[in-house]
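Architecture at a glance
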Amino acid sequence: ITLQIVRMKSKRIQGVAKKWTLLRDVPEFQTPIMSLESRYCSLGSRQHRFFVLKGPPWCNVVPITPRGTVVMVWQYRVGTDALSLEIRGGVVDPSDSRSPKRAALRELLEETGYAPLAQARCIEVSKTFSNPAIFNNRTHSFLVGPVERVAKQTLDPQESISVVEIPIRKIPSLIRQGKIGHALILNAILASALQSNHFDQVFTGALGAFTGKNSRK
């Protein structure tokens, strides 16, 4: 069965999106990791008070071992009050010379003890807005390999992390089962998969199955 995908240019169906005019930002609350601000905006005769969380860039990294596994961790997340299966990541600190790549590899080493081997490649696979509805920062995602364990974990007092290696082939099923549920982690995995020349065909086939336009050659 060949999926016949309708090819068309993007066209506006309804409505007109317009950018609001920023009037002023008013600081409301400061924390060690982010600040909350009121953002007053106008659009024509309308005015509205929005809320924005401002903070430094974030980063994460998909680390691949010579064994064809992904280095992941189980970590407690206070927002959901549950353990979360994730790749490593964190905040891009001034100590990283504001380099997301350096920060991602630092987080990987500190929290897992893994580091790139001499012949490793590390590429940035995406630079996305963390959540443009309320956050102003970006998340930088990297794909690196091969990596190996070279040291023990160096954790902060509030961190409790267990390290696991998961075969690459098992990642899709873990996503389907909802066992990998962190949105920014899923984005990094998707962006890494996009490095394959075959992904476009797989993506088109999977979504095209819902067009109702299947036909047999």
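Thresholds applied
- Residues numbered from 1 in each chain as written.
- Predicted model: local features only at pLDDT ≥ 70, side-chain atom pairs only at ≥ 80, totals over all residues.
- Heavy atoms only, no water.
- Pairing = 2+ DSSP bridges.
- Helix = DSSP H or I, 4+ residues; strand = E, 2+ residues; numbered from the N terminus.
- Axes fitted to C-alpha atoms, helices over the stretch in contact; angles between N-to-C directions.
- Buried < 20%, exposed > 50% of the residue type's maximum accessible area, 1.4 Å probe, protein only.
- Contact = heavy atoms within 4.5 Å.
- pLDDT = per-residue confidence, 0-100.
- Phe/Tyr/Trp six-rings, centres within 6.5 Å; stacked < 30°, edge-to-face > 60°.

1. Here's the deal with the sheet that holds strand E6 (residues 69-77)
- Taking strand neighbours across the sheet as the criterion, the three strands line up as E7-E6-E11 in an open arrangement whose pairing is antiparallel. Edge positions in the sheet fall to strand E7 (82-86) and strand E11 (161-167), since each has one partner strand and no second. Adjacent strand axes in the sheet meet at a mean angle of 25° when their direction is disregarded.
- In the sheet, E6 pairs with E11 via seven bridges, with the strands oriented antiparallel. When the bridges of E11 are listed, Met72 appears paired with Val164.

2. Observations concerning the environment of Asp81
- As for its position among the elements, Asp81 is in the loop between E6 and E7.
- Classification of Asp81 as exposed rests on a relative accessible area of 57%.
- Residues Asp81 and Thr139, 58 residues apart in the sequence, show an inter-C-alpha distance of 23 Å.

3. Side note on the side chain of Ser192
- Here Ser192 shows up in helix H3 (residues 183-193).
- Using a relative accessible area of 13% as the deciding quantity, one classes Ser192 as buried.
- Once residues lying within four places of it in the same chain are set aside, the contact partners of Ser192 are Val62, Val125 and Leu143.

4. Remarks on the pairing of strand E10 (residues 138-149)
- Pairing analysis gives six bridges linking strand E5 (residues 58-63) to E10, with the strands arranged parallel. In the sheet register, Trp58 faces E10, and the bridge partner there is Thr139.
- In this sheet, E10 lies alongside strand E9 (residues 114-129) in antiparallel orientation, the contact comprising 11 bridges. Bridge pairing in E10 links Pro116 to Val147.

5. Comments concerning the confidence of the model for the chain
- On average, residues of the chain score 92 in pLDDT, and 94% of them reach the 70 mark or higher.
- Under a pLDDT of 50 for its full length, residues 1-6 has, in the predicted model, 17 contacts with residues more than four places off or in other chains.

6. Points about the sheet that holds strand E8 (residues 88-91)
- The mixed open sheet is built from four strands, whose spatial order is E8-E5-E10-E9. The two strands at the open ends of the sheet, each matched to only one other strand, are E8 and E9. Averaged over all neighbouring strand pairs, the angle between strand axes comes to 20°, with direction disregarded.
- Those strands touched by helix H1 (residues 100-112) are E5, E8, E9 and E10, and its axis lies near 120° from that of E8.

7. What about the packing of aromatic side chains?
- Under the criterion given, the structure shown has three aromatic pairs.
- With centroids separated by 5.5 Å and ring planes inclined at 65°, the aromatic side chains of Trp58 and Phe135 adopt a geometry described as edge-to-face. Placement of Trp58 in strand E5 and of Phe135 in the loop between E9 and E10 is noted, with a sequence separation of 77 residues between them.
- By relative accessible area, which is 22% here, Trp58 ends up partly exposed.
- With a centroid separation of 6.0 Å and 25° between ring planes, the pair formed by Phe199 and Phe203 is classed as stacked.

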